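Results of the structural survey
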Amino acid sequence: AVLVSARHPGFLAGHSSAVVMAAGELDLGLLTLAAGTAVYGSVTSTAGALPQQLTIRILTDAKLYTAKLAGDSYRFDAVPPGSHLLQVQGEGIAGASQAIEVLAEGEQVQDIIVEPGLVRRIEVASPASGGNLITLVLQRSGEPQSWMARQPRGTEPAEFETCMKPGTYEAIAWDDD
């Protein structure tokens, strides 16, 4: 099998795959790169300094994008237009998410303010016949998910450590089977 992947700044990655028979030749056809929007901004904390470990993601219906970080700035090179979820997590800050409407093409500024949070430890047990990864999502009732993490499933319950604002959250967990 052959997998072709093309990337270019400002465009969403294009992929194509095909099976080539031994000593065969195959025209892979056209590979389309759709224009994407660069989303970037600064990150500030109500507590002062930002944590060293900070994760900023955009969740679309089809994919999870992770930002490039540099000091107190972040950047996504190419995100498809539409309604998505911008998510921020890091040590000592409250996991948070907000809806973001990404416009078609060009660049879009979205500054982020983070707040301190409370550390919580959550154990998730999975049946022995489950998949290889366990995913845990936390969210307040009626709101988008605030925090998400994955880890390999072992023989013991998986332990997740999260940092959240005080309050009541729904915990949703699943494995990848």
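Here we summarise the structure given alongside this text. (Residues numbered from 1 in each chain as written. Predicted model: local features only at pLDDT ≥ 70, side-chain atom pairs only at ≥ 80, totals over all residues. Heavy atoms only, no water.)

We now examine the overall build of the protein chain. A tally of helices and strands in the protein chain yields zero helices and 16 strands. Across its three principal directions, the C-alpha atoms of the protein chain cover 60 × 45 × 30 Å. Counting all 177 residues of the protein chain, 36% fall into the buried class. Put simply, 60% of the contacts in the protein chain that link residues at least 6 apart link residues at least 24 apart. Total accessible area on the protein chain stands at roughly 10,700 Å², and carbon and sulfur atoms take up 52% of it. (Helix = DSSP H or I, 4+ residues; strand = E, 2+ residues; numbered from the N terminus. Buried < 20%, exposed > 50% of the residue type's maximum accessible area, 1.4 Å probe, protein only. Contact = heavy atoms within 4.5 Å. Areas by Shrake-Rupley, 256 points an atom, 1.4 Å probe, with all protein chains shown as cover.)

Let's shift gears to the packing of aromatic side chains. In the structure shown here, the tally under the stated rule is two aromatic pairs. Between Tyr-74 and Phe-76 the ring centres are 5.9 Å apart and the planes differ by 80 degrees, which places this aromatic pair in the edge-to-face class. Pair check on accessibility: Tyr-74 and Phe-76 agree, each one buried. Taking the centre distance of 6.3 Å and the plane angle of 90 degrees together, the rings of Trp-147 and Phe-160 count as edge-to-face. Of the two residues, Trp-147 sits in strand β14 (residues 147-152) while Phe-160 sits in strand β15 (residues 158-164), which places them 13 residues apart along the sequence. This pair shows no difference in class: Trp-147 is buried, exactly as Phe-160 is. (Phe/Tyr/Trp six-rings, centres within 6.5 Å; stacked < 30°, edge-to-face > 60°.)

Strand pairing in a sheet is mediated by backbone hydrogen bonds. Such pairs are either parallel or antiparallel. If you walk across this open sheet you meet the three strands as β14-β13-β16, and the pairing is antiparallel. Each of the sheet's edge strands pairs with one partner strand only, and the pair in question is β14 and β16 (170-175). The mean angle between the axes of side-by-side strands here comes to 15 degrees, regardless of whether they run parallel or antiparallel. (Pairing = 2+ DSSP bridges. Axes fitted to C-alpha atoms, helices over the stretch in contact; angles between N-to-C directions.)

Residues Val-39, Ile-56, Tyr-74, Phe-76, Leu-86 and Ile-112 are the most contacted members of the largest nonpolar core, which totals 19 residues. It is strand β7 (residues 73-79) that provides the largest number of residues to this core, a total of four residues. Non-local contacts of Ile-112, meaning those with residues more than four positions away in its chain, are made with Ser-42, Val-43, Thr-44, Ile-56, Tyr-74, Leu-86 and Val-88. Core analysis: the next-biggest nonpolar cluster, separate from the first, contains 10 residues, Ile-134, Ala-149, Phe-160 and Tyr-169 among them. (Core = buried A, V, L, I, M, F, W, Y, C linked by side-chain atoms within 4.5 Å.)

All quantities given are derived from atomic positions and should not be read as evidence of function.
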